[in-house]
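Chains, contacts and geometry: an overview
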Amino acid sequence: MALSESISDTVGGTPLIRVKSPGDVDVLAKVEWFNPGGSVKDRPALRMILKGERTGELTEDRVLLDSTSGNTGISYAMLCASRGYRVKIVLPANASWERKKMLRALGAEIVESDPHEGSDGAIRLAHELKEEDPERYFMPDQYNNPENWRAHYETTGPEIWEQTSGEVTHFVSGIGTGGTITGVGKRLKELEPDVRVVGVEPDDPLHGIEGLKHIETSIKPSVLDESIVDEVIHVSTEDAYDEGRRLTREQGLLVGQSSGAAMAACRELAGRIETGTIVTVFPDGGEKYISTQYLDDED
Ligand SMILES: Cc1ncc(COP(=O)(O)O)c(C=O)c1O
C-alpha cells in the first residue's frame, strides 16, 4: 500500500462483503466503518471541506460549524484536526455517549440541541448560530450541500460498479441527508438504467435508528433527489435492531443500527425478487452504540 500524506488520503475504497442471506439472491454490503473516521460520512465531509478550501470560505480564522446526528461531526473533527481548523458541532443532547466523547477527544466543541426536536432541532440551532455571527463560521450544511451527494457519485457509486463487475441490479440505502442514495443511485442509473434504487426509512417519526430520517415528517434535505428513488421500504426500530444483532452475532459484522435497517430492507426485497444482486451500504460500526440497549438485549 502506498504512503499516505494525511488521514484525508485514506477515505473511501472500502470492502464490499457478501452477506449470508436465504435464497438465491446475492446481498453485498459496503462496510463503511473501514473509513478512517469509522463511517460513510468521511466521504462527503472530505469533499465539503475541500470545496470550502477551494472557494476560500474555509480558512484558519473560521470555525467549521454544522449540525449532525454524530457521524458527520466525527468526520469533520478528524479531518479538521489534521488540516488545522477548529470545529463546532450541534447535535441532539441524546446522541450516544461514545459520539460525544469521540468528538471532544478530536478537539471539537459540542453544542447540544433539544433531544425532543431530534436532528431537525440541531439543524435549526446550527442555522441560528451561523446567523448570529456569519463571519465567524464556515457552515458546510450537509443537508443542502451538493458536494455531499457528489462524494458518493464520484466514489461510492463507481466502487460498487467495479466491485460487482457491473452485476448490481438493486441498490438499497438508508436515507438521512439523502447523500448516499442520491449520489450512488444517480451514478448506477447512468451506468445501467435498469438498476432499481430502494430507500430505507424508519416506519415511525419517533424511532431509534440513528442516522435515518422519517422524511415525510422531517425537514426535507435538498440533497435528496426523490426522482432517483424507485421505492421506499419502511423498517421498524425493532426489526432494525434484530437484524443488527443478527449480523453481529452470526456474521461477525459489528454494525450500527442503520445497517440493521438496511439489512431488514434487503431481506424483504430478496424475499420477493427471484434473482439479482442487491448492494447495500452499512454506514457505520456498532462500537459507538455499545453504551445503549441496541446490541445488549439481555440487560
Ligand atoms: C449511521 C448513519 N446511517 C445512515 C446515514 C444516512 O446517510 P445519508 O446521510 O447519506 O443519507 C447516516 C447519515 O448521517 C448515518 O450517520
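Residues numbered from 1 in each chain as written. Predicted model: local features only at pLDDT ≥ 70, side-chain atom pairs only at ≥ 80, totals over all residues. Heavy atoms only, no water.

**Comments concerning the overall build of the protein**
Note the threshold: Note on conventions: DSSP H or I runs of at least 4 residues are helices, E runs of at least 2 residues are strands, and numbering of each starts at the N terminus. A radius of gyration in this sense is built from C-alpha atoms; the matching globule rule multiplies 2.2 Å by the number of residues raised to 0.38. The rule is simple: take the accessible area with a 1.4 Å probe, protein chains only, and divide by the maximum for that residue type; under 20% is buried, over 50% is exposed, in between is partly exposed.
For the protein, the helix and strand inventory stands at eight helices and 10 strands. Scaling as 2.2 N^0.38, a compact globule of 299 residues should have a C-alpha radius of gyration of about 19 Å, and the protein matches this with 18 Å. Over its C-alpha atoms, taken along the principal directions, the protein stretches across nearly 55 × 45 × 40 Å. Taken over 299 residues, the protein has a buried fraction of 56%.

**A short note on the pairing of strand β5 (residues 109–113)**
Going by this rule: Between any two strands, at least two bridges found by DSSP are needed for them to pair. Consider the strands pointing away from the viewer: the crossover is right-handed when the path from the first strand over the helix to the second runs clockwise.
Inspection of the sheet shows strand β4 (residues 86–92) paired to β5 by five bridges, in the parallel sense. Paired with Ile-89 across the two strands is Ile-110, which belongs to β5. Note on the crossover from β4 through helix α3 (residues 97–105) to β5: the handedness is right-handed.

**Some words on the site of the ligand**
Applicable threshold: Here a residue is near a molecule or strand as soon as one of its heavy atoms is found within 4 Å of it. In the analysis that follows, any N or O atom pair within 3.5 Å is treated as a polar contact, provided that within protein one partner can donate a hydrogen and the other can accept it, and provided that, for residues neighboring in sequence, both atoms belong to side chains. Basically, the charged four are Asp, Glu, Lys and Arg, the nonpolar ten are Ala, Val, Leu, Ile, Met, Phe, Trp, Tyr, Cys and Pro, and anything else, Gly included, counts as polar.
Neighbouring the ligand are 16 residues; Lys-41, Gly-176, Thr-177, Thr-180 and Ser-258 lie closest to it. Lys-41 has a polar side-chain atom sitting 2.7 Å from an oxygen atom of the ligand. Within the backbone of Gly-176, a nitrogen or oxygen atom sits 2.7 Å from an oxygen atom of the ligand. Partitioning the shell around the ligand into residue classes produces four nonpolar, nine polar and three charged.

**Looking at unusual backbone geometry**
Unusually for a residue other than glycine, Asp-141 sits at a positive phi of about 55°. The topology assignment puts Asp-141 in the loop between β6 (137–138) and α5 (146–163). The class of Asp-141 is buried, set by a relative accessible area of 14%.

**Side note on the sheet that holds strand β9 (residues 231–235)**
For clarity, the cut-off: Inter-axis angles, ranging from 0 to 180 degrees, are taken between N-to-C directions of lines fitted to C-alpha atoms, where helices are fitted over the stretch in contact.
Taken together, six strands build an open sheet; the order of strands is β1-β2-β10-β7-β8-β9 and the sheet is mixed. Every interior strand has two partners, whereas the edge strands, β1 (16–19) and β9, have only one. The mean angle between the axes of side-by-side strands here comes to 30°, regardless of whether they run parallel or antiparallel. In terms of strand pairing, strand β2 (residues 26–31) meets strand β10 (residues 277–282) through six bridges, oriented parallel.

**Some details on the sheet that holds strand β3 (residues 63–67)**
Backbone hydrogen bonds are what pair the strands of a sheet, in a parallel or an antiparallel way. Applied cut-off: Any two residues having at least one pair of non-hydrogen atoms within 4.5 Å are treated as being in contact.
Strand order across the open sheet formed by four strands is β5-β4-β3-β6, with parallel pairing between neighbours. Since the sheet does not close on itself, it has two edges, and those belong to β5 and β6, each with one partner. Sheet topology note: the β3/β6 ladder contains two bridges and is parallel. Across the sheet, Val-63 pairs through a bridge with Tyr-137, a residue of β6. On the sheet, helix α2 (residues 71–83) packs against β3 and β4 and is oriented at approximately 170° with respect to β4.

**Some points on the domain arrangement of the protein**
Applied cut-off: These domain boundaries are the output of an automatic or database domain assignment. Summed over both partners, the accessible surface that disappears when two parts come together, traced with a 1.4 Å probe, is what is meant by buried area. What makes a salt bridge here is a side-chain nitrogen of Lys or Arg within 4 Å of a carboxyl oxygen of Asp or Glu, nothing more.
If you check the domain split of the protein, you get domain 1 (7–34 + 156–289) and domain 2 (42–138). For domain 1 and domain 2, the distance between their C-alpha centres works out to 25 Å. When the two sides are added together, the surface that domain 1 and domain 2 hide from each other amounts to roughly 1,400 Å², 49% of it contributed by carbon and sulfur. For the salt bridge of Arg-43 with Glu-32, the shortest nitrogen-to-oxygen distance reads 2.8 Å. If you look at where domain 1 meets domain 2, you find 12 residue pairs in polar contact (both at pLDDT 80 or more). The residue inventory of the side of domain 1 that touches domain 2, partitioned by class, reads four nonpolar, seven polar and eight charged.

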